[in-house]
Amino acid sequence: KLEDSQKGLETLSANFKTASQILSKQILFSKLLPKFAEIIPKGAYVKQISIDDNDTYVQFDIGAETRELANQAYINVSDPKNGLFDKADLLEIACTETSSKNQTDTGPPCRATVKALFRSDSPFLLLNYLKAEGAAKK
């Protein structure tokens, strides 16, 4: 029965490792979005957030009234002092010419696309958050 017990423990260990890997990539958007609200400049906002299929990076589409605000939003997101990401890349800033009459119908005229990697110790990842909460309760 020792071999059966050993196989059972190996399976349990593998399952625990898989569960831990999955949980370590879970993003707490309820914590992340208020942080974004603090750092995104007035006149800009997050239009869309997407995660790649392998959970290795997150991509943000930021709407902005001007090209300068779109760029400032990227600078704020990528600033290491914010403690959000290890790395953030600006993929694109695109602006369209719109009349002020049509601008309210189509949204802001500029869009910045930012691709970012969370820090390994990010408080916006579930396992890190749970560890910090556990440490605070002790």
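Residues numbered from 1 in each chain as written. Predicted model: local features only at pLDDT ≥ 70, side-chain atom pairs only at ≥ 80, totals over all residues. Heavy atoms only, no water.

S.K.: Let's hear about the nonpolar core: which residues, and what values?
M.R.: Judged by nonpolar contacts, the single largest core of 25 residues is most densely connected at L32, F36, F60, I62, V77, F85 and F118. Top contributing element to this core by residue count: strand β4 (residues 110-118), with five residues. (Core = buried A, V, L, I, M, F, W, Y, C linked by side-chain atoms within 4.5 Å. Buried < 20%, exposed > 50% of the residue type's maximum accessible area, 1.4 Å probe, protein only. Helix = DSSP H or I, 4+ residues; strand = E, 2+ residues; numbered from the N terminus.)

S.K.: Outline helix α3 (residues 67-78), listing residues and values.
M.R.: For α3, which comprises 12 residues, the first-to-last C-alpha distance of 17 Å matches the rise-based estimate of 16 Å (1.5 Å per residue) to within 8%. Residues of α3 that are buried: A70, A73, Y74, N76 and V77. Across the axial projection of α3, the buried residues extend over an arc of 165°, all falling on one side. Each element contacted by the buried residues of α3 is listed here: α2 (29-39), β1 (44-51), β2 (58-64), β3 (85-95) and β4. (Expected span 1.5 Å × (residues − 1). Arc of directions from axis to C-beta. Contact = heavy atoms within 4.5 Å.)

S.K.: Please provide a residue-by-residue account of the packing of aromatic side chains, values included.
M.R.: Counting across every chain of the model gives three aromatic pairs. Ring geometry for F36 versus F60: centroids 4.6 Å apart, planes at 40°, classification tilted. Taken together, the residues F36 in helix α2 and F60 in strand β2 connect sequence positions 24 residues apart. Its relative accessible area of 0% is what places F60 among the buried residues. Aromatic side chains F85 and F118 sit 5.0 Å apart centroid to centroid with 50° between the ring planes, which places their arrangement in the tilted category. Of this pair, F85 sits in strand β3 while F118 sits in strand β4, and the two are 33 residues apart along the sequence. Here F85 and F118 have matching classes, each one buried. Chaining the aromatic ring pairs together yields one cluster made of F36, F60, F85 and F118. Here the guanidinium or amino end of K115 rests over the ring plane of Y57, the centre of that ring lying 4.1 Å away. (Phe/Tyr/Trp six-rings, centres within 6.5 Å; stacked < 30°, edge-to-face > 60°. Lys NZ or Arg CZ within 6 Å of the ring centre and 35° of its normal.)

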